[in-house]
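Geometric and topological summary
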Amino acid sequence: MFVNLDIYGFVCSECIARMLNLNQPVNATGTANEEVYKILIYDKFCQNILSPLIHVKDLRKHGVTLYFLIDKDRKPVHGVPAVYFVQPNQTNIQRVIADASRSLYDSFHLNFSSSIPRPLLEELASGTLNSDSINRISKVHDQYLEFVTLEDSLFSLVQKSSYVQLNDPSAGDREIEEIVERIVTGLFCVLATLAVVPIIRCPRGGPAEMVASALDQRLRDHLLSKNNLFTEGGSFVSSFQRPILCIFDRNFELSVGIQHDFRYRALVHDVLGLRLNRLSVQGEKGGMRSYELDGSDPFWVVNGSLEFPEVAVEIESQLNKYKKDVDEVNKRTGGTDGAEFDGTDLMGNTKHLMNAVNSLPELTERKQVIDKHTNIATVLLGEIKERSLDSYAKKENDMLVRGNIDRNELLGVLRGKGTKMDKLRFAVMYLISSENINQSEVESVEAALREFEVDTSAFQYVKKLKSLNASVATANLASRNNIVDWAEKIYAVTAGVKNLLSSDRQLALTRTVELLMDGKPNPEIDSYLVFDPRAPKSSSGTSHMRGPFKEAIVFMIGGGNYVEYGSLQEFAQRQQPVKHVIYGATEILTGVEFVEQLTLLGHKMGFGSNAAASTR
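First, a word on what this report is: a plain description of the structure on this page. (Residues numbered from 1 in each chain as written. Predicted model: local features only at pLDDT ≥ 70, side-chain atom pairs only at ≥ 80, totals over all residues. Heavy atoms only, no water.)

**A look at the sheet that holds strand β5 (residues 137–142)**
With respect to topology, five strands assemble into an open sheet ordered β2-β1-β3-β4-β5, the strand pairing being parallel. Two strands close off the open sheet at either side, each with one partner strand: β2 (64–69) and β5. Mean inter-strand twist for the sheet, computed between neighbouring axes without regard to direction, equals 15 degrees. Relative to strand β3 (residues 81–86), strand β1 (residues 38–42) runs parallel, the two sharing four bridges. Within the sheet, the bridge partner assigned to Ile39 lies in β3 and is Ala82. (Pairing = 2+ DSSP bridges. Helix = DSSP H or I, 4+ residues; strand = E, 2+ residues; numbered from the N terminus. Axes fitted to C-alpha atoms, helices over the stretch in contact; angles between N-to-C directions.)

**A short note on unusual backbone geometry**
Residue Pro577 is reached from Gln576 by a cis peptide bond, and omega for that bond is -5 degrees. With respect to the element layout, Pro577 can be found in the loop between α21 (562–574) and β14 (580–585). Phi angles above zero are rare outside glycine, and Asn277 is one such case at about 70 degrees. Here Asn277 lies in the loop between α9 (264–272) and β10 (278–282). A residue is classified by how much of its surface remains accessible, and Asn277, at 2% relative accessible area, is buried. Of note in the backbone geometry, Glu453 takes a positive phi value of approximately 55 degrees without being a glycine. With respect to the element layout, Glu453 can be found in the loop between α16 (439–451) and α17 (457–475). Relative accessible area serves as the criterion here: at 47%, Glu453 is assigned to the partly exposed category. (Buried < 20%, exposed > 50% of the residue type's maximum accessible area, 1.4 Å probe, protein only.)

**Considerations on the packing of helix α4 (residues 90–101) against helix α5 (residues 118–130)**
α5 packs onto α4 with a crossing angle of 20 degrees between their chain directions and a minimal axis gap of 9 Å. The angle between α4 and α5 falls in the class roughly parallel. Relative to α5, α4 is oriented so that their crossing is right-handed. Residues Gln90, Ile93, Gln94, Val96, Ile97 and Ala100 of α4 form the contact with α5, whose participating residues are Leu120, Glu123, Leu124, Gly127 and Thr128. Looking at side-chain class alone, the contact of α4 with α5 contains six nonpolar, four polar and one charged residues. (Parallel < 35°, antiparallel > 145°, perpendicular 65-115°, else oblique. Left-handed = near helix turned anticlockwise from the far one by under 90°. Contact = heavy atoms within 4.5 Å. Nonpolar A, V, L, I, M, F, W, Y, C, P; charged D, E, K, R; others polar.)

**As for a positive patch on the surface**
Together, Lys44, Lys72, Lys160 and Arg275 give the surface a local cluster of positive charge. For Arg275, the position within the fold is in the loop between α9 and β10. (Patch = residues over 30% accessible without salt bridge, like charges linked within 9 Å, V, L, I, M, F, W, Y side chains within 5 Å. Areas by Shrake-Rupley, 256 points an atom, 1.4 Å probe, with all protein chains shown as cover. Salt bridge = Lys/Arg side-chain N within 4 Å of Asp/Glu carboxyl O. Lys, Arg positive; Asp, Glu negative; His and termini not counted. Charge placed at Lys NZ, Arg CZ, Asp CG, Glu CD.)

**Things to note about the pairing of β14**
The element β14 is largely enclosed, with a buried count of five among its six residues. Of the pairings in the sheet, the one linking strand β7 (residues 154–156) to β14 comprises three bridges and is parallel in character. Bridging across to β14, Phe155 finds its partner in Gly584. Taken together, strand β13 (residues 551–557), α21 and β14 form a β-α-β motif whose crossover is right-handed. (Right-handed = clockwise from strand over helix to strand, strands pointing away.)

**Things to note about α9**
Buried residues dominate α9, accounting for nine of its nine residues. Among all positions of α9, only Tyr264, Arg265, Ala266, Leu267, Val268, His269, Asp270, Val271 and Leu272 are buried.

**Things to note about the nonpolar core**
With 114 residues, the main nonpolar core has Leu215 and Ile247 as its most contacted residues. One finds Ile405, Leu410, Val428 and Ile432 within the second-largest nonpolar core, a separate group that totals 37 residues. (Core = buried A, V, L, I, M, F, W, Y, C linked by side-chain atoms within 4.5 Å.)

**A few points about the environment of Arg218**
Examined against the element boundaries, Arg218 turns out to sit in helix α8 (residues 206–223). As a C-alpha pair, Arg218 and Pro533 span 315 residues in sequence and 8.7 Å in three-dimensional space. Once you skip the residues sitting within four places of it in the chain, Arg218 turns out to touch Glu181, Val184, Thr185 and Phe188.

**As for the state of the cysteines**
Counting across every chain of the model gives zero disulfides. The thiol of Cys15 is unpaired, and the distance to the nearest cysteine sulfur, on Cys12, comes to 6.2 Å. Classification of Cys15 by relative accessible area gives buried; the value is 9%. Looking at the unpaired Cys202, the closest cysteine sulfur is the one in Cys246, lying at 9.8 Å. (Disulfide = S-S within 2.5 Å.)

**Let's talk about the sheet that holds strand β12 (residues 529–531)**
Taken together, the seven strands give an open sheet; going across it, the order is β6-β7-β14-β13-β9-β8-β12, and neighbouring strands pair in mixed fashion. The two strands at the open ends of the sheet, each matched to only one other strand, are β6 (148–151) and β12. Recorded for the sheet is a direction-independent mean angle of 20 degrees between the axes of neighbouring strands. Pairing of strand β9 (residues 244–249) with β13, which is carried by six bridges, proceeds in the parallel orientation. Bridge pairing in β13 links Ile247 to Phe555. The sheet strands contacting α8 are β8 (199–202), β9, β12 and β13, and the helix crosses β9 at an angle near 145 degrees. Sheet strands touched by α21: β6, β7, β13 and β14. Its angle to β14, the strand with the most contacts, is close to 170 degrees.

Right, dumping it as structure tokens:
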């Protein structure tokens with residue numbers, strides 16, 4: 001059996017449709033054969049899961065007439081079932097018990113985003129039994145949807161501040177284990193939704209190995225059950241028929257989470273704050289305009305990976321083509337040249353009119369898409385000019401390639417245009433990309449940042465990592481018993497700086513994934529661990545890692561971004577035949593959000609700035 005990861009987004013949407021139809025099979029249109037009116041109840045987390053997959057207008061198609069957050073006060077609605085979609089936690093269980101005891105709805109169809117632990121299931125049973133409402137609980141389902149699908153090949157576990165939590169030097173073993181457990185639960189849900197058991201690869205040490213090892217054990221335990229969620233069959237399936245799951249830690253390539261990028265998708269996310277595929281920008285006539293940017297927008301899908309100037313050209317090109325098509329319709333119907341209606345060719349004129357009428361919806365939709373991206377591009381252009389974002393992106397890339405920057409040029413950028421956060425990100429990129437740190441130069445950078453009242457905690461934090469790098473390399477061989485050994489966790493931050501970009505400017509992550517998918521021996525990945533949940537633990541694993549793999553899931557612990565997502569998709573599309581790569585992360589972060597986490601870590605380590613003003 002060959003598992004097609006390309007249908008990932010469709011599978012997630014189908015799961016939601018089935019859940020909304022009381023977990024009954026849906027037909028080809030994605031709806032139930034028999035329409036049942038119902039109420040939808042969800043928590044905030046599951047609202048985020050639903051948001052990118054189904055629009056409000058589509059809920060009615062599935063018979064949903066009302067929808068509420070679970071923590072809101074609600075009045076009884078009789079004669080209809082209620083579909084609950086919530087995380088399996090004690091707060092939600094108590095709320096369900098309270099709702100059932102008050103007889104808010106005729107029947108309760110409970111859907112949990114991940115597997116409900118047995119103690120909570122018992123609490124639900126005893127609570128509804130004691131309130132004499134257990135008969136209202138129709139079904140209880142584990143949906144294994146503890147993740148947000150943003151695009152067909154992009155997902156997020158929406159686990160906030162995981163980078164801070166995993167790199168906090170004061171974090172205890174139990175705290176780290178809880179974070180790892182949450183990540184494993186999210187990844188297990190992704191794999192369960194896809195019904196695949198992958199070959200798992202990861203670098204040695206740190207959060208990546210912790211998550212990979214725990215996920216391997218979770219999958220092994222689950223595969224022992226008679227009714228497991230995976231449909232690959234009980235016998236061992238050769239590795240090329242299964243996807244590879246590549247797990248990384250944000251420290252593997254710190255720079256990508258910080259740098260300015262000039263590609264459309266990444267720029268929209270970083271500058272305009274795209275969240276759950278939605279954003280709000282200033283409209284042409286004043287007021288805020290809200291837009292959705294997802295798979296239903298053909299312009300976004302096709303042009304998201306282009307650099308901003310190319311996108312501007314494409315918008316103009318599509319606008320000109322639209323105008324030409326409108327003129328063509330007008331000519332055919334006599335709308336532009338004042339031609340009189342020719343009664344002798346009634347059939348011909350009628351045909352032209354019908355064609356024009358039929359083309360109107362398509363033309364209207366095209367115009368809406370063009371107007372949307374014209375408005376977004378206009379707002380972006382204003383930000384680019386005001387902050388010199390094109391200059392930041394270019395100079396940061398140059399620094400990464402060359403490993404240095406002229407001192408006057410460096411200070412010129414820091415004293416030039418841009419927000420406080422732009423300057424701080426550039427300064428941190430200087431630290432990461434510099435092969436040799438010049439102390440007087442660093443002091444000049446710090447002075448420039450203080451001049452603009454920038455909180456330098458993140459800069460100090462990364463500088464500390466750089467200075468510790470050499471000593472950590474030696475100390476890394478010491479005691480490895482403590483899983484929160486901070487030195488071990490941060491060792492990778494600067495160890496591979498020289499290889500951050502290869503000669504063709506390919507990201508280190510993309511290059512490594514390419515090597516892992518090839519599955520051939522290579523010094524860059526030979527030290528990577530292999531976990532195969534379907535193979536005996538005693539096996540070395542080498543016989544199960546033969547490539548090439550046609551499909552991969554790439555997961556970034558500590559925060560991902562649209563830069564890496566775009567790079568991986570470009571790599572996959574370049575292959576012959578085309579490969580499929582799904583990218584996911586604990587959360588999808590803008591450069592500002594990630595540097596804010598570095599700032600918080602700086603504060604935890606005692607670094608700080610006298611600047612009271614915001615870094616933004």
